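# Tertiary structure, described
One-letter residues, chain by chain:
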Amino acid sequence: MSNSEPLSDEQLMLNYGQGDAAAFEQLYQKHKGGVYRYFLRHCSRADVAEELHHDIWMKLINARETYQPTAKFTTWLYTLAHNHLVNYYRKNNKAQLLDFDDVAEPEDELPELDKQLTHSRQAADLISQVESLPAQQKEVFLLRHEAGFSLEEIANLTKSSFEATKSRLRYAMAKLKKGVSYEQ
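Numbers given to residues run from 1 along each chain, matching the order in which its sequence is written. Residues qualify for local features only when their pLDDT is at least 70, as the model is predicted, and side-chain atom pairs are given and counted only at 80 or more; totals for whole chains, interfaces and linings, by contrast, use all residues. Values reported for side chains reflect all heavy atoms of the structure, with hydrogen atoms and water molecules removed beforehand.

Ranked by size, the top nonpolar core spans 40 residues in total, and within it F39, L60 and F141 carry the most contacts. To qualify as a helix, a DSSP run of H or I must reach at least 4 residues; to qualify as a strand, a run of E must reach at least 2; elements of each kind are numbered from the N terminus. Sorting the residues of this core by element identifies α1 (9-17), α2 (21-43), α3 (46-62), α4 (73-91), α7 (135-145), α8 (151-158) and α9 (162-179) as the ones contributing at least two each. Of the residues forming this core, the biggest block, nine residues, is contributed by α2. Definition used in this section: a nonpolar core is a set of buried Ala, Val, Leu, Ile, Met, Phe, Trp, Tyr and Cys residues joined via side-chain atoms within 4.5 Å. Only protein chains enter the accessibility calculation, which uses a 1.4 Å probe; a residue is then buried when its area is under 20% of its type maximum, exposed when over 50%, and partly exposed in between.

A separate point is the packing of aromatic side chains. Stacked, tilted and edge-to-face pairs are distinguished by plane angle, under 30 degrees for stacked and over 60 for edge-to-face with tilted covering the rest, among Phe, Tyr and Trp rings (Trp via its six-membered ring) whose centres lie within 6.5 Å. Applying the stated criterion to the full structure yields 11 aromatic pairs. Relative to W57, the ring of Y28 has its centre 5.0 Å away and its plane inclined at 80°; by these criteria the two rings are edge-to-face. Here Y28, found in helix α2, pairs with W57, found in helix α3; they are 29 residues apart in sequence, far enough to count as distant. Given the relative accessible area of 25%, Y28 is considered partly exposed.

This next bit is on the environment of P69. Along the polypeptide, P69 turns up in the loop between α3 and α4. Distance in space between the C-alpha atoms of P69 and D9 is 9.5 Å, their sequence separation being 60 residues. Filtering out sequence-adjacent residues up to four positions away, P69 remains in contact with E10 and L14. Only heavy atoms enter the contact rule, under which two residues are in contact if any of them lie within 4.5 Å.

Structurally, Q26 can be placed in helix α2. Residues Q26 and M13 lie 13 residues apart in sequence; the distance between their C-alpha atoms is 9.6 Å.

What follows concerns the pattern of salt bridges. In what follows, salt bridge is the name for a side-chain nitrogen of Lys or Arg lying within 4 Å of a carboxyl oxygen of Asp or Glu. Applying the stated criterion across every chain yields a total of three salt bridges. Here K30 ties to D9 by a salt bridge, and the two come within 3.0 Å at their closest N and O atoms. Here D9 lies in helix α1 and K30 lies in helix α2, a separation of 21 residues in the sequence. In this structure, E153 and K72 form a salt bridge, with 3.3 Å as the shortest nitrogen-oxygen distance. Within this pair, whereas E153 is found in helix α8, its partner K72 is found in the loop between α3 and α4, the two being separated by 81 residues in sequence. Residue E153 is classed as buried on the basis of its relative accessible area, which comes to 18%. We classify K72 as partly exposed; its relative accessible area is 42%.

What follows is about α1. Along an α-helix, a turn takes 3.6 residues, which lines up residues three or four apart on a common side. Within the sequence span of α1, burial applies to D9, L12, M13, N15 and Y16. All buried residues of α1 lie within an arc of 160° about the axis, which places them on one face of the element. Residues of α1 that are buried make contact with α2, α3 and α4. Following α1 by one or two positions, G19 has its phi on the positive side, about 100°. Throughout, the arc means the angular range of directions from the helix axis out to the C-beta atoms.

With that out of the way, let us pick up the packing of α2 against α3. For helices, the fitted line uses only the C-alpha atoms of the stretch in contact; every axis is such a line through C-alpha atoms, and the angle between N-to-C directions lies from 0 to 180 degrees. Their axes nearest at 9 Å, the elements α2 and α3 cross at an angle of 140°. As the angle between them shows, α2 and α3 are arranged oblique. Of the two elements, α2 crosses α3, and the hand of that crossing is right-handed. Note on element contacts: α3 touches α2 through A46, V48, A49, E50, L52, H53, I56, W57, L60 and I61, opposite F24, L27, Y28, H31, K32, V35, Y36, F39, L40 and C43. Taken together, the residues of the contact of α2 with α3 break down into 16 nonpolar, two polar and two charged. Here roughly perpendicular refers to angles of 65 to 115 degrees, roughly parallel to angles under 35, roughly antiparallel to angles over 145, and oblique to all remaining angles. Rotating anticlockwise by less than a right angle from the far helix to the near helix defines a left-handed crossing, while the corresponding clockwise rotation defines a right-handed one. In this classification, Asp, Glu, Lys and Arg are treated as charged, Ala, Val, Leu, Ile, Met, Phe, Trp, Tyr, Cys and Pro as nonpolar, and every other residue, Gly included, as polar.

With that settled, consider the packing of α7 against α8. Two measures define how a pair of helices packs: the angle their axes make with one another and the distance between the axes. Closest axis-to-axis distance for the α7/α8 pair is 10 Å, and the angle between their directions is 130°. Viewed along their axes, α7 and α8 adopt a mutual orientation that is oblique. Relative to α8, the crossing made by α7 is right-handed. Contacts between α7 and α8 involve E139, V140, L143 and R144 from the first element and I154, L157 and T158 from the second. Classifying every residue of the contact of α7 with α8 gives four nonpolar, one polar and two charged.

See the structure below:
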């Protein structure tokens, strides 16, 4: 690898485990927005998303010396996030939080969905529709469209079969296409 090629996320995490604080900063800057949006889209409350987001980065910091790149870094990171979210819901005895009025986006980044839509009403309609998806469909949709995982990676991450994952995404997409009006 030449010096001009950027380091992989896996190598950055290994470097961080050896004390390279700049490697952590690169990972954080690259993945903070996606992880935050993952939590925000699941729980619909900025305060809860921020707490979960903070917790995941603390878990990453605590795991720096034991990290082994057995999978892509993003798979490892979102597995941590998924498991932490599941534990949060179990601890709080909540199947899904739906308080759309408390949604707040990070000021320095716009979600990918908002960038693709030209009218704020359409964006709000789409976000509302994503929020109303059943929990498993919403998770598959977000992992695919917010985090960019393949269906196989999502199946592994959520410990579901490939076919179940594919079906959940298909149902989510059908509901979104049916529920969002693009008329002005």
